[in-house]
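Single-letter residue listing:
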Amino acid sequence: MKDCHRAIKERVEPNRLYYSFVSTIEHAEYEYLSTASVLSETIERSFRALHPEWDKKAGWAHPNIQRALDALTAHYQFQHGARLFTGNRAGAPNGQLEKKDGYSPIHRALDKVAPRSSRAYVGLYNPDLDTAPESQMPTLTGIQFLREDNFLDLVVTFRKIELSAWWVVNMLEASLILKWAASKITKIKTRRITFFASIAEWKMEPSLTVIPYLDDLETVSLAELTAIAVSACRGEASGRTRLLELLTDKRLFTHIDNIDPSGLLRLGSVLEGAYKGSAGSSVLDNSLIQHVQEAARFLQGALEHGREDRRAHDVTESLAQIERAIDSLRGVITS
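Residues numbered from 1 in each chain as written. Predicted model: local features only at pLDDT ≥ 70, side-chain atom pairs only at ≥ 80, totals over all residues. Heavy atoms only, no water.

Undergrad: Would you explain the sheet that holds strand E1 (residues 17–25) in this entry?
TA: Two orientations exist for strands paired in a sheet by backbone hydrogen bonds: parallel and antiparallel. A sheet is described by the order of its strands in space; here 5 strands give the open sequence E1-E5-E4-E3-E2, paired in mixed fashion. Pairing within the sheet leaves two strands with one partner each, and these edge strands are E1 and strand E2 (121–123). Neighbour to neighbour, the strand axes of the sheet diverge by 10° on average, direction disregarded. In the sheet, E1 pairs with strand E5 (residues 189–201) via 8 bridges, with the strands oriented antiparallel. Bridge assignment links Phe21 to a residue of E5, and that residue is Ala197. (Pairing = 2+ DSSP bridges. Helix = DSSP H or I, 4+ residues; strand = E, 2+ residues; numbered from the N terminus. Axes fitted to C-alpha atoms, helices over the stretch in contact; angles between N-to-C directions.)

Undergrad: Mind showing me how you'd approach the pattern of salt bridges here?
TA: Charged atoms that come close allow side chains of opposite charge to pair. Tallied over the full model, the rule gives 16 salt bridges. Salt-bridge contacts for Arg83 lead to Asp130; the nearest nitrogen and oxygen are separated by 2.9 Å. Of this pair, Arg83 sits in helix H4 (residues 80–85) while Asp130 is found in helix H6 (residues 127–130), placing the two residues 47 residues apart along the sequence. Between Arg297 and Glu294 there is a salt bridge, with its nearest N and O atoms 2.8 Å apart. (Salt bridge = Lys/Arg side-chain N within 4 Å of Asp/Glu carboxyl O.)

Undergrad: Quick question: what am I supposed to make of the environment of Ala49 here?
TA: Following the sequence through the fold, Ala49 ends up in helix H2 (residues 40–50). Residue class for Ala49 comes out buried when judged on its relative accessible area of 1%. Between the C-alpha atom of Ala49 and that of His80, which follows or precedes it by 31 residues, the distance is 9.0 Å. (Buried < 20%, exposed > 50% of the residue type's maximum accessible area, 1.4 Å probe, protein only.)

Undergrad: Could you clarify how one ought to interpret the packing of helix H9 (residues 237–252) against helix H10 (residues 262–277) in this entry?
TA: Two measures define how a pair of helices packs: the angle their axes make with one another and the distance between the axes. It is at 12 Å that the axes of H9 and H10 come closest, and there the two elements cross at 150°. If you check the angle between H9 and H10, you find them roughly antiparallel. For the crossing formed where H9 meets H10, the hand is left-handed. In contact with Leu243, Leu247 and Lys250 of H9, H10 contributes Leu264, Leu267 and Leu271. Here the residues of the contact of H9 with H10 are counted per class, giving 5 nonpolar, no polar and 1 charged. (Parallel < 35°, antiparallel > 145°, perpendicular 65-115°, else oblique. Left-handed = near helix turned anticlockwise from the far one by under 90°. Contact = heavy atoms within 4.5 Å. Nonpolar A, V, L, I, M, F, W, Y, C, P; charged D, E, K, R; others polar.)

Undergrad: Teacher, can you tell me more about the pairing of E5 here?
TA: In this structure, strand E4 (residues 151–162) lies alongside E5, joined through 10 bridges in parallel fashion. By the bridge assignment, Phe158 is partnered in E5 with Ala197. For the crossover that starts at E4, traverses helix H7 (residues 166–183) and ends in the parallel E5, the hand is right-handed. (Right-handed = clockwise from strand over helix to strand, strands pointing away.)

Undergrad: Which parts of the structure should I look at to understand the nonpolar core?
TA: The nonpolar side chains of soluble globular proteins are, as a tendency, buried together. Core analysis: the largest hydrophobic core is formed by 59 residues, its most contacted members being Ile143, Phe145 and Trp167. Of all the elements, H7 adds the most residues to this core, at 12 residues. By size, the runner-up hydrophobic cluster in this structure holds 31 residues, among which are Ile228, Leu264, Leu288 and Leu303. (Core = buried A, V, L, I, M, F, W, Y, C linked by side-chain atoms within 4.5 Å.)

Undergrad: Explain helix H1 (residues 2–11) to me, please; I cannot follow it from the model alone.
TA: One turn of an α-helix holds 3.6 residues; hence residues three or four places apart share an orientation. Listing the buried residues of H1 in full gives Cys4, His5 and Ile8. Down the axis, H1 shows its buried residues gathered within 90° of arc, on one side only. H1 presents Asp3 and Glu10 as exposed residues on the side facing more than 90 degrees away from its buried surface. Buried residues along H1 sit against E1 and H7. (Arc of directions from axis to C-beta.)

Undergrad: What is the right way to read empty space enclosed by the protein from this model?
TA: It is a probe the size of a water molecule, rolled over the atoms, that shows where empty space is left. Scanning the model with the defined rule gives 2 cavities of 30 Å³ or more in all. One number sums up the size of the second largest cavity: a volume of about 40 Å³. Lining the second largest cavity are Leu140, Ile143, Leu154, Val156, Asn170, Glu173, Ala174 and Ile177. Listing elements by their share of the lining of the second largest cavity, those giving two or more residues are strand E3 (140–148), E4 and H7. Split by residue class, the lining of the second largest cavity holds 6 nonpolar, 1 polar and 1 charged. (1 Å grid on protein atoms, 1.4 Å probe; cavity = no way out; pocket = protein on both sides within 12 Å on 5 of 7 lines; lining within 4 Å. Points joined across faces, edges and corners; volume = space filled by probe spheres on them.)

If you want it as structure tokens, here you go:
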């Protein structure tokens, strides 16, 4: 894998489009690559954005995977898990299709795994969803399992792939999918992964979809967020610093393809509660809370807009409000 990505980096020019791109690794074992344009933690967080149903300990083998898929909230971002494991909703902010109980495209594909078979395929493109004006068309369009003797390979097809960071994210995703698939088949070993993309580009500043810490309840629970808000209102350095970290991270990973107001909505509520509970002794200014709540309102509007120009406007306004909240908080920290 390291040799493959290094070779790609050496042979492509940044910000140039390449057509009919193909790459193959012979051993499907993921490892972080120093040639990647982003840190290992960002790669892993981006994978979690694609597969929020994936469990850190059990992967896709955990018994509550269907419950996790059903619990996914609306995001304006493409999530692969729902379309692979349930055949619905992936990339659809408001879940336009009804869930089909028992229907799992990826399990159906595994049932078709056999020597010389080409039917072990899952397509992620869904015209019922992806032709809608407000939809995001998937960049990863299909995966196919190929069996040769006692080896299982995976071919992944993209309409376009970014090479400096997304190639690494998708290789992590593909290696985990292949490993999971092999665990479902008796006496078979994982082998190679092949990527085919109609268009490929090595971007100097790739835009990654990452779940901000503020939006991830596994990282920051409601109880922890409440404790941070109370601590910050009391003027404790630990609470103010942690709040600044969360808002800065939210600002960094919010863009037109990654819209989620849930964390800001929670933060606005707990900050308001902590402020009122302080009985006038809070060191935080009420304007900071208003900026957070306005940022959440604009992101909620962006999530609901079908027109891209309106969505972009609301995202820009939300980011401006987050920036004002950060400036207000920095003033408290330095005072």
